[in-house]
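Chain by chain, the residues:
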Amino acid sequence: MGHRIKARKAQSAPAPHIDTDDAIVSSFLSDAAHVPGGFAAGVAFPHSEAEVASAVAQATRVLPIGAQSSLTGGATPRGELVLSTRALSNISSAAGDSVRVGAGVPLKELQRSLAAVGLYYPPVPTFDGAFVGGTIATNAAGAATFKHGSTRRWVNAATIVLANGDVVDVTRGGTVASDDGWFEIALTSGEVRRVPVPTYAMPDVPKLSAGYFAARGMDLIDLFIGAEGTLGVVVAATLNVVARPRRIAALVRCADDSQAVALTAALRREARSAWQGRGPLDVAAVEYMDTRALRAVPDEGFSRAGVVRPSGQSVMLLLQIEISGDDERALGQLQSVLTSVGIEDDPHLALPGDDRGAERLFNLRESVPSSVNAIVAAAKQAHPDVEKTAGDMVVPFDRLADSIDLYRSTLERHGLDYAIWGHVSDGNLHPNVVPRDFDDVRRGREAILEIAREVVAMGGAPLAEHGVGRSALKQQLLRELYGTEGIEQMRTVKRALDPEWKLAPGVLFVP
Ligand SMILES: Cc1cc2nc3c(=O)[nH]c(=O)nc-3n(C[C@H](O)[C@H](O)[C@H](O)COP(=O)(O)OP(=O)(O)OC[C@H]3O[C@@H](n4cnc5c(N)ncnc54)[C@H](O)[C@@H]3O)c2cc1C
């Protein structure tokens, strides 16, 4: 173990064909943020590490993409060669507790392949069509981050093509920063690049997708995880996996926010006891949907889930409970926790093996963002500048109630309609503006910025899991978090590894 890593050459291969046909290129000009105006020099579909290396070496500007599910415009090209990773689709047979996977494998495919041998990859974002490479590039997280952590914790090794076409095989534990805060990358040309570790302090929160990871004695692999494609192209990775858990999904109606916060706190305590072998209620995730978010869901969303639309100020929590022992013991304990916080309604349950039932409940949760996005899209028809305006805030859990008050009071003070949902067991919520016109979007951005400042003051972060991408607002939030000095330190890292600013230029920060 040292602070220097030696790059190698990829096998020699011709660069893959670059498609410039409008019919093909036009389907790669946008991501899930739906920012207009994407354009590209062409699209390439490399099938191997050698083809990726060759394409990157020959291009002047490259945007690696996965499933383009980015919510920050990070996968919307601005004139680069789009490097689609979808043909890097190999999954090696899982051995023991790890699996070697191509960057272009969608998580859904990975889970299917692992399920066939009783295994599971835990750190999945809500959108399971995302590719392995994209989730590494954004350090994706999700509902079950509460139990399992974000993607970072699960990546054991990665093969990365650097901006000059050299390849590094980075293994966790293989290369760590020097005592005085450097990495050295020895390129095949003989040149050695010194990469300084930034000195800003990252907030102590369970999930963070806010530019470059930085810590004393950090592992080199952590610099590439969450770098959003700006430091190298992930070609393949070795991921840790676990035995597939048996799972109960439970949808619970709470009378109001304070009951929901009390229940979540109680469930977190139960989960921690279970992890120490002292209880049966192994809660992996608690998802929150507020009154306004539920109001946005059309009636069919509830009827398909077999759930009655809740009335009044009710909010709903969707729990994922992992079962290693007796179902009845876990359910009995759940009932007593519900009673202890004053909840009398029975939860809607999907028991282990009832995959259809669980899917119905998860679909209800998913119809919250899709319903709000549909409202945004409808407003955009009348006002073309309207766009999704949302926060991705995480606070230390003991500030959760304060943070919900903050989101509501700030958005209301700005006269905005809004909805809030998210991964409440992590203290990670998404306050979303429900815009009527562009003026709402403009005021929404001001409100999100105000919220972000308060969240940082609470010891949290305004960039929990969706990354920064090319969104001007998110880039401003990154500056709020680390200051201009922090951004300058990130630029220094970028310049050391990619002096020509070739990879994902304009993602995270402007050149
Ligand atoms: C409905 C919905 C729900 C979502 N829920 C969540 C959630 O719960 N948690 C969460 O974290 N995110 C969530 N997201 C956001 C998104 O799914 C994640 O950011 C995901 O990790 C992006 O993966 P992707 O393959 O689509 O990457 P893309 O969107 O294609 O790319 C994202 C960024 O990664 C870079 N990149 C992609 N592939 C590579 C590669 N191989 N090497 C280097 N850089 C690369 C790109 O340049 C870009 O900057 C959600 C999105 C949607 C649409």
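Residues numbered from 1 in each chain as written. Predicted model: local features only at pLDDT ≥ 70, side-chain atom pairs only at ≥ 80, totals over all residues. Heavy atoms only, no water.

Undergrad: Would you explain the sheet that holds strand β1 (residues 4-6) in this entry?
TA: Two orientations exist for strands paired in a sheet by backbone hydrogen bonds: parallel and antiparallel. Strand order across the open sheet formed by three strands is β1-β10-β11, with mixed pairing between neighbours. For this open sheet the edge positions go to β1 and β11 (192-196), each flanked by a neighbour on one side alone. Across this sheet, the average inter-strand angle for adjacent strands is 20 degrees, counted without regard to direction. As judged from the five bridges shared by strand β10 (residues 182-186) and β11, these two strands associate in the antiparallel manner. Opposite glutamate 184, over in β11, you have arginine 194 as the bridge partner. Where helix α14 (residues 472-497) meets the sheet, its contacts fall on β10 and β11, and the angle it forms with β11 comes to roughly 165 degrees. (Pairing = 2+ DSSP bridges. Helix = DSSP H or I, 4+ residues; strand = E, 2+ residues; numbered from the N terminus. Axes fitted to C-alpha atoms, helices over the stretch in contact; angles between N-to-C directions. Contact = heavy atoms within 4.5 Å.)

Undergrad: Just to check I follow, could you spell out the site of the ligand for this structure?
TA: By nearness alone, 34 residues border the ligand, and Pro64, Gly66, Ser69, Thr126 and Ala141 come closest of all. Phenylalanine 131 is positioned such that a nitrogen or oxygen atom in its backbone is 2.9 Å from an oxygen atom of the ligand. For the ligand, a nitrogen atom lies 2.9 Å from a polar atom in the backbone of valine 234. Starting from 980 Å² of accessible surface for the ligand in isolation, the protein chains cover 93%. At the level of secondary structure, the elements contributing two or more residues to the shell around the ligand comprise β4 (62-65), α4 (132-137) and β12 (233-240). For the shell around the ligand, the leading source of residues is α4, giving four residues. Class assignment for the residues of the shell around the ligand results in 17 nonpolar, 15 polar and two charged. (Near = heavy atom within 4 Å. Polar contact = N/O pair within 3.5 Å; in protein donor to acceptor, adjacent residues only side chain to side chain. Areas by Shrake-Rupley, 256 points an atom, 1.4 Å probe, with all protein chains shown as cover. Nonpolar A, V, L, I, M, F, W, Y, C, P; charged D, E, K, R; others polar.)

Undergrad: Just checking my understanding: could you explain the packing of aromatic side chains for this structure?
TA: The relation between two aromatic rings is expressed through the spacing of the ring centres and the mutual angle of the planes. Here the structure, examined in full by the defined rule, presents five aromatic pairs. Here the aromatic rings of phenylalanine 28 and phenylalanine 45 are separated by 5.7 Å at their centres, their planes lie at 65 degrees, and the arrangement is edge-to-face. You can see phenylalanine 28 sitting in the loop between α1 (22-25) and β3 (42-44) and its partner phenylalanine 45 sitting in the loop between β3 and α2 (49-58), a full 17 residues away along the chain. When sorted by exposure, phenylalanine 28 lands in the same class as phenylalanine 45, which is buried. Here arginine 268 stacks its cationic end above the ring of phenylalanine 397, 3.9 Å away from the centre of that ring. (Phe/Tyr/Trp six-rings, centres within 6.5 Å; stacked < 30°, edge-to-face > 60°. Buried < 20%, exposed > 50% of the residue type's maximum accessible area, 1.4 Å probe, protein only. Lys NZ or Arg CZ within 6 Å of the ring centre and 35° of its normal.)

Undergrad: Sorry if this is basic, but what is going on with the side chain of glutamate 270 here?
TA: Turning to its location among the elements, glutamate 270 is positioned in helix α7 (residues 257-275). Among the polar contacts listed, one links the side chain of glutamate 270 to the side chain of glutamine 333, at a separation of 3.1 Å. Contact partners of glutamate 270, with chain neighbours within four places excluded, come to Leu281, Gln333 and Val337.

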